[in-house]
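Here are the chains, one letter per residue:
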Amino acid sequence: MDVRSLPINLLLNRVLAPNVQSSNPATSIFANSSFESLLTEALLKASLSSAALNPQNSSTNVMNSLANIVSSLESDVSSLGLKTTVFDGVASTENGAPSVHGNSLESTNISAADLNSKLKGVLKNTGDFFVEAGKKYQINPALLASIAIHESGNGSSNAAKYKYNVAGMMSKNGLKTYDSIQDSIFDMSRNLRQNYLDKGKTTIADIGAKYAPIGAANDPTNLNNHWVNGVQRYFNTFTKTTDFA
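Just so you know, the residues in each chain are numbered from 1, in the order the chain's sequence is written. Predicted model: local features are reported for residues with pLDDT of at least 70 only, side-chain atom pairs are reported and counted for 80 or more only, and whole-chain, interface and lining totals are derived from all residues. Computation of side-chain values: all heavy atoms of the structure, hydrogens and water removed.

## Regarding the overall build of the protein chain
Going by this rule: Helix numbering and strand numbering both begin at the N terminus, where a helix is a DSSP run of H or I of at least 4 residues and a strand a DSSP run of E of at least 2. Areas reported as accessible are Shrake-Rupley estimates using a 1.4 Å probe. Residue values count occlusion only from the protein chains shown.
Scanning the protein chain from N- to C-terminus turns up 10 helices and 4 strands. Listing the helices and strands of the protein chain from first to last along the sequence gives α-α-α-β-β-α-α-α-α-β-β-α-α-α. Put simply, the protein chain shows about 12,800 Å² of open surface, and 49% of that area lies on carbon and sulfur atoms.

## Details of the environment of Leu192
Keep this limit in mind: Contacts are assigned to residue pairs that have any heavy atoms within 4.5 Å of one another.
One can find Leu192 in helix 8 (residues 181-195). Separated by 55 residues in sequence, Leu192 and Tyr137 place their C-alpha atoms 8.7 Å apart. Setting aside chain neighbours within four positions, we find Leu192 in contact with Ile139, Leu144, Ile147, Leu197, Ile207 and Tyr211.

## With respect to helix 6 (residues 141-152)
Condition: One fewer than the residue count of a helix, multiplied by 1.5 Å, yields its expected span. Think of it in three bands: with a 1.4 Å probe and only protein chains considered, a residue is buried below 20% of the maximum accessible area for its type, exposed above 50%, and partly exposed in between. We call two N or O atoms a polar contact when they sit within 3.5 Å, provided that within protein one can donate a hydrogen and the other can accept it, with sequence-adjacent residues counted only if both atoms are side-chain atoms.
For helix 6, with 12 residues, the first-to-last C-alpha span of 16 Å sits near the 16 Å given by 1.5 Å per residue. Within helix 6, 10 of the 12 residues are buried, leaving the element largely enclosed by the surrounding structure. Every buried residue belonging to helix 6 is among Pro141, Ala142, Leu143, Leu144, Ala145, Ser146, Ile147, Ala148, Ile149 and Ser152, and all of these are buried. Buried residues along helix 6 sit against helix 4 (112-116), helix 5 (127-137), helix 7 (158-163), helix 8, helix 9 (204-211) and helix 10 (227-239). Sitting at the amino-terminal end of helix 6 is Asn140, which places a side-chain oxygen 2.9 Å from the backbone nitrogen of Ala142. After helix 6 finishes, the residue Gly153 shows a positive phi value of roughly 60°.

## Looking at the packing of aromatic side chains
Counted only if it meets this: Aromatic pairs are defined between Phe, Tyr and Trp rings, using the six-membered ring for Trp, whenever the two ring centres lie within 6.5 Å; interplanar angles under 30 degrees are classed as stacked, those over 60 as edge-to-face, and all others as tilted. Here, over-ring charges are defined by two tests on the NZ atom of lysine or the CZ atom of arginine: distance to the ring centre within 6 Å, and angle to the ring normal within 35 degrees.
In this structure the tally under the stated criterion is 2 aromatic pairs. Across the ring face of Tyr196, the terminal group of Lys210 is positioned such that the distance to the ring centre comes to 4.9 Å. Lying across the ring of Tyr234, Arg233 places its NZ or CZ 5.4 Å from the centre.

## A word on the nonpolar core
Basically, it comes down to this: Here, nonpolar core means buried Ala, Val, Leu, Ile, Met, Phe, Trp, Tyr and Cys residues that are tied together by side-chain atoms lying within 4.5 Å of each other.
Counting 38 residues, the largest nonpolar core has Phe130, Leu143, Leu192, Ile207 and Tyr211 as the members making the most contacts within it. Counting only elements with at least two residues in this core, the list comes to helix 4, helix 5, helix 6, helix 8, helix 9 and helix 10. In terms of residue count, the dominant contributor to this core is helix 6 (7 residues). In this structure Ile207 touches Leu105, Leu143, Leu192, Tyr196, Leu197, Lys201 and Trp227, once residues within four positions along its chain are discounted.

## As for the pattern of salt bridges
Stated precisely, the cut-off is as follows: Just to be clear on terms, a salt bridge is a Lys or Arg side-chain nitrogen sitting within 4 Å of an Asp or Glu carboxyl oxygen.
Applying the stated rule across the entire model yields 3 salt bridges. Residue Asp187 pairs with Arg190 through a salt bridge whose shortest N-O separation is 2.7 Å. Residue Asp187 and its partner Arg190 are both found in helix 8; the two are separated by 3 residues, about one turn of the helix. Ionic contacts of the salt-bridge type, sharing partners, join the residues Lys176, Asp187 and Arg190 into one network.

## Topic: the side chain of Ser146
With respect to the element layout, Ser146 can be found in helix 6. Residue Ser146 is classed as buried on the basis of its relative accessible area, which comes to 0%. When residues no more than four places from it in sequence are discounted, the contact partners of Ser146 are Val231, Tyr234, Phe235 and Phe238.

Here it is, written out as structure tokens:
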């Protein structure tokens, strides 16, 4: 089936509300489709429609559509007979509107065990620090861990081993030195909250443009060119199982 001409909202609406009668005859083609195949089609639709423009945001586009549909359903979602884990990525804000948390940069819905499974070197078993810092500053621990992994070569850089600096944090005298890995993680988190997220830089690309600017004087080998893609790749690895699972 070619789903490129069908809107994501239509596909997901049939996924979430298969028993809702629709006046749109186009929806009848999905009457006998399974939940799994419809969700697959929705994901394919998102991928096809957004890959050319911004491949990093395709899953976010699907989750936004999913959140909008959940909020529009008049019946209790649980009465539709779907697994509740489908909605783990959707939560309500104070005004009742849905917000997507599966891969949000401000979500804290990830465990230390999930992080520890990929942390190595001096970062090994530091997942609890990322989770604690994430909760304190309302930043996704997966983002914090992803930046630390990228900046420190997953805990293998000299800065990480000898200065406990896992995030490339700088002072006027050069790389900062910390008393512990925990101190480094919390300082990075404070910096991201105060100087990035609170100032409207709410995507990895926005953060990277300031955190690791291309052409910076202190980047003679142009490593900053890889910052956004590197951090995004690690972040996707951490969050891919929490978007719909």
